[in-house]
Amino acid sequence: MVCELGDDSAWPAFLEARSVLAQGTREFVFVRRGAQWSCLPTGTADLRPAQQVFALSHAPVSALAADAALTVFDPADAMVPTFVHPTRRPVDASFLAMARVYLPVLLGAAAARRRGRTFVAAHVTQTLDGRIACPNGQSQWIGNAADLRHAHRMRALLDGVLVGAGTVRTDDPRLDVRHVTGPNPRRIVLSGSGAILRERHDRHAFRGAGCDVVVAAGNGAPAPGRSHVLEVPATADALDPVAVLAALRSRDVHSIYLEGGSQTLSSFLQARCIDLLQVHIAAMVLGAGIPSFTLTPVEHVRHGLQFTMDHTMLDGHVLLSCWPSVGEAG
Ligand SMILES: NC(=O)c1ccc[n+]([C@@H]2O[C@H](COP(=O)([O-])OP(=O)(O)OC[C@H]3O[C@@H](n4cnc5c(N)ncnc54)[C@H](OP(=O)(O)O)[C@@H]3O)[C@@H](O)[C@H]2O)c1
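What counts and how
Residues numbered from 1 in each chain as written. Predicted model: local features only at pLDDT ≥ 70, side-chain atom pairs only at ≥ 80, totals over all residues. Pairing = 2+ DSSP bridges. Helix = DSSP H or I, 4+ residues; strand = E, 2+ residues; numbered from the N terminus. Near = placed C-beta within 6 Å. Buried ≥ 20, exposed ≤ 12 C-beta atoms within 10 Å, placed from the backbone. Arc of directions from axis to C-beta. Contact = placed C-beta atoms within 7 Å. Expected span 1.5 Å × (residues − 1). Domains from an automatic or database assignment. Nonpolar A, V, L, I, M, F, W, Y, C, P; charged D, E, K, R; others polar. Axes fitted to C-alpha atoms, helices over the stretch in contact; angles between N-to-C directions. Parallel < 35°, antiparallel > 145°, perpendicular 65-115°, else oblique. Left-handed = near helix turned anticlockwise from the far one by under 90°. Core = buried A, V, L, I, M, F, W, Y, C linked by C-beta atoms within 7 Å.

1. Re the sheet that holds strand S4 (residues 69-73)
The strand order S2-S1-S3-S4-S5 describes an open sheet built from five strands, whose pairing is mixed. Strand pairing shows two members of the sheet lacking a second neighbour, strand S2 (36-41) and strand S5 (83-84), which therefore form its edges. Relative to S4, strand S3 (residues 52-55) is paired through four bridges, and the arrangement is parallel. Bridging across to S4, Val 53 finds its partner in Leu 70.

In structure tokens form, the structure reads like this:
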């Protein structure tokens, strides 16, 4: 089955799932009536009129109408979802494509909050030869419109979106969710040296409330606009991602979407602080440019970072969801 993430019709149900999880409810079902999907705590859902039910356990089977299709996902199985269809009715493939990508994110973020840690999903849009920008830093757009919408959905599901100062300088991103419905995340800019605080203050990331600029202790300066400066202990301006995540938890940020660039992604990957790495592969070769990641060299392939991988299609491009085999530093 080719999974496409292009259809937005079920999207509001994932926002409802975020709210249900935030209320501490861990048992919920997605229900489709007509063309509309919704998400409800398991006990409160009336399943009789539903055509499609997606549940986190087999519990709702007895409450189903005879012609309803049931899909069951056991979150304890693995990060890469396996779906079971006990009623053997035709299922809604476009909903399942979204569930494969967004449900593990929602559950991972909720679990991290319960356990006092931070869920980090990282995203990179790269060419076939692993470049995220031309040598001069120009990168818009390697991806496509479907990738942009996907990135905005991810922002809406997580507490914060984080980028390095280099990306703010080159791309001046707005870091909001304007391509989908949902809440805007906190905007977080990493600048160990604090140099970004001493430059232009009119960048999009600093406009309005809701921006944290993370700098090494001693490198603080007056914050641009209504931004907040977070000083984190560091050695020679190099921030330890574990300390960055701890500081962000003090701002009630328990899940982040790390959107680059290369230096920022590499430092979090090297520190084993990424729970999920989403790699969008565009059908393009640049031949030179900024690489997705640069890590400390290893001398044997068995020392490379290992992942479990799933894939989805984004309007002809591939989105890989890669779960590190070893993680949880933050
Ligand atoms: N294709 C994509 O998916 C994508 C996504 C985002 C960006 N980009 C491209 O990537 C390029 C920017 O990437 P980049 O690697 O040059 O820059 P970057 O990672 O965006 O920013 C690097 C800067 O962030 C701060 N920083 C990051 N990690 C740090 C750490 N652990 N400790 C302390 N400071 C840290 C430092 O700021 P200070 O120097 O201020 O201390 C550092 O110079 C641009 O060309 C942009 O267009 C592509």
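From this point, the narrative continues.
2. Examining the site of the ligand
Close to the ligand lie 31 residues, the nearest being Gly 164, Gly 166, Gly 192, Gly 260 and Gly 261. When contributions to the shell around the ligand are tallied by element, the ones reaching two or more residues are strand S6 (119-126), strand S7 (131-133), strand S8 (160-164), helix H4 (165-171) and helix H6 (262-270). In terms of residue count, H4 provides more of the shell around the ligand than any other element does, five residues in total.

3. So, helix H5 (residues 241-249)
Residues Pro 241, Val 244, Leu 245 and Leu 248 constitute the buried set of H5. End-on view of H5: buried residues confined to an arc of 95 degrees, all on one side of the axis. Against S8, strand S9 (186-190), strand S10 (211-216), strand S11 (228-232), strand S12 (255-258) and H6 lie the buried residues of H5.

4. Remarks on helix H3 (residues 145-157)
Residues three or four positions apart in an α-helix share a direction because the helix packs 3.6 residues into each turn. Its 13 residues give H3 an end-to-end C-alpha distance of 19 Å, which sits within 8% of 18 Å, the value for a rise of 1.5 Å per residue. Buried within H3 are the following residues: Asp 147, His 150, Ala 151, His 152, Arg 153, Met 154, Arg 155, Ala 156 and Leu 157.

5. A closer look at the domain arrangement of the protein chain
In terms of domains, the protein chain is made up of domain 1 (11-101) and domain 2 (118-324). The centre of domain 1, based on its C-alpha atoms, is set 31 Å off from the matching centre of domain 2. Of the residues lining the interface, 10 residues belong to domain 1; the matching set on domain 2 comes to 11 residues. Secondary structure elements with two or more residues in the side of domain 1 that touches domain 2: helix H1 (11-22) and helix H2 (93-114). Per element, the largest residue contribution to the side of domain 1 that touches domain 2 is five residues, and it comes from H1. For the side of domain 1 that touches domain 2, the per-class residue count stands at eight nonpolar, no polar and two charged.

6. Side note on the packing of H1 against H2
Close contact between H1 and H2 brings their axes to 10 Å; oriented N to C, the two are set at 20 degrees. Comparing the axis directions of H1 and H2 gives the class roughly parallel. Seen from above, H1 lies across H2 with right-handed handedness. Judged by residue contacts, Phe 14, Ala 17, Arg 18 and Leu 21 of H1 engage Met 98, Tyr 102, Leu 106 and Ala 110 from H2. Grouping the amino acids of the contact of H1 with H2 by side-chain chemistry returns seven nonpolar, no polar and one charged.

7. Remarks on the nonpolar core
Leu 106, Val 189 and Ile 256 are the most contacted members of the largest nonpolar core, which totals 86 residues. In terms of residue count, the dominant contributor to this core is H2 (13 residues). Each residue touching Leu 106, except ones within four places of it in the same chain, is listed here: Phe 14, Ala 17, Arg 18, Leu 21 and Leu 157.

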